[in-house]
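Here's the letter readout for the chains.
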Amino acid sequence: MNIRTERQEFHPELVSRRSEMIAWGSALLVDVVWILLIVTGQPFSFWLPILGVPLTLVALGISLSNWMDRHTIIRLDEQEISFTNGLRHTTLRWNEIQELRVLPAQWGKKIQVFGTQSYFGFHTHSEVFAHGRSLGRTGFVEGDFILQNILDKANLSAVKHIVVGDQQEGYYYSRK
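All of these numbers come straight from a predicted model, not from anything done at the bench.

Rules used throughout
- Residues numbered from 1 in each chain as written.
- Predicted model: local features only at pLDDT ≥ 70, side-chain atom pairs only at ≥ 80, totals over all residues.
- Heavy atoms only, no water.
- Buried < 20%, exposed > 50% of the residue type's maximum accessible area, 1.4 Å probe, protein only.
- Helix = DSSP H or I, 4+ residues; strand = E, 2+ residues; numbered from the N terminus.
- Pairing = 2+ DSSP bridges.
- Patch = residues over 30% accessible without salt bridge, like charges linked within 9 Å, V, L, I, M, F, W, Y side chains within 5 Å.
- Areas by Shrake-Rupley, 256 points an atom, 1.4 Å probe, with all protein chains shown as cover.
- Salt bridge = Lys/Arg side-chain N within 4 Å of Asp/Glu carboxyl O.
- Axes fitted to C-alpha atoms, helices over the stretch in contact; angles between N-to-C directions.

Caption draft 1: Expanded view of the pairing of strand β3 (residues 80-84). Counted residue by residue, β3 has 5 buried out of 5 residues, so it is predominantly covered. Covered by surrounding structure in β3 are E80, S82 and T84 together with I81 and F83, the residues of both alternating faces. Relative to β3, strand β2 (residues 73-76) runs antiparallel, the two being bridged by 4 bridges. Within β3, the position partnered with I73 by the bridge is T84. Following β2, the chain reverses through 3 residues before pairing antiparallel with β3. Relative to strand β4 (residues 89-93), β3 runs antiparallel, the two being bridged by 5 bridges. Paired with T84 across the two strands is H89, which belongs to β4. Counted along the chain from β3 to the antiparallel partner β4, the turn is 4 residues long, and its residue G86 has a positive phi close to 95 degrees.

What follows is the structure in structure tokens.
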């Protein structure tokens, strides 16, 4: 594929929905018991609402995050880059991109792209491990390719390293 003549579309890796199902199962179990005790007039521990409300909020948050991941698309062509995640849609022409930051993240690198009026961010590809076992992959497999295209097409060059304490934490790019 040639980026100069063809629009390219990229999607992130999708994480397993197992944690979402566990969160909803836990929330529903606690909330149904709580509601049944209220309806039947039985006394219940103050721990039920203290546990039920946060579990429901966590389940909602995980569902929203998974929904946004499934609707996330980055498109590149000769004139612009566009980012969509279901809640936000940003299109930046290459000459509108003012700066870009590459920051280390728990998984992969966090790329932040800033235009004159809007911005968006994405993560490069990473694999999540726990206890020596792969739990899944996250981010854009082609994240480094997307990053390099943004730097080239937007004519950005490294301005400085972002330093926190005595360690180099990331990179800051700006228009030449």
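Caption draft 2: Fine view of the pairing of β2. Across 3 bridges, the pairing between strand β1 (residues 8-10) and β2 is antiparallel. Its bridge partner being in β2, F10 is matched across the sheet by I74.

Caption draft 3: Representation of a nonpolar patch on the surface within the structure. Taken together, the side chains of L28, V32 and L36 present a nonpolar region at the surface, about 270 Å² in accessible area. Structurally, L36 can be placed in helix α1 (residues 18-39).

Caption draft 4: Up close: the sheet that holds β4. With antiparallel pairing, 4 strands are arranged side by side in an open sheet as β1-β2-β3-β4. Both outer strands of the open sheet, β1 and β4, are each paired with one neighbouring strand and no more. Neighbour to neighbour, the strand axes of the sheet diverge by 15 degrees on average, direction disregarded.

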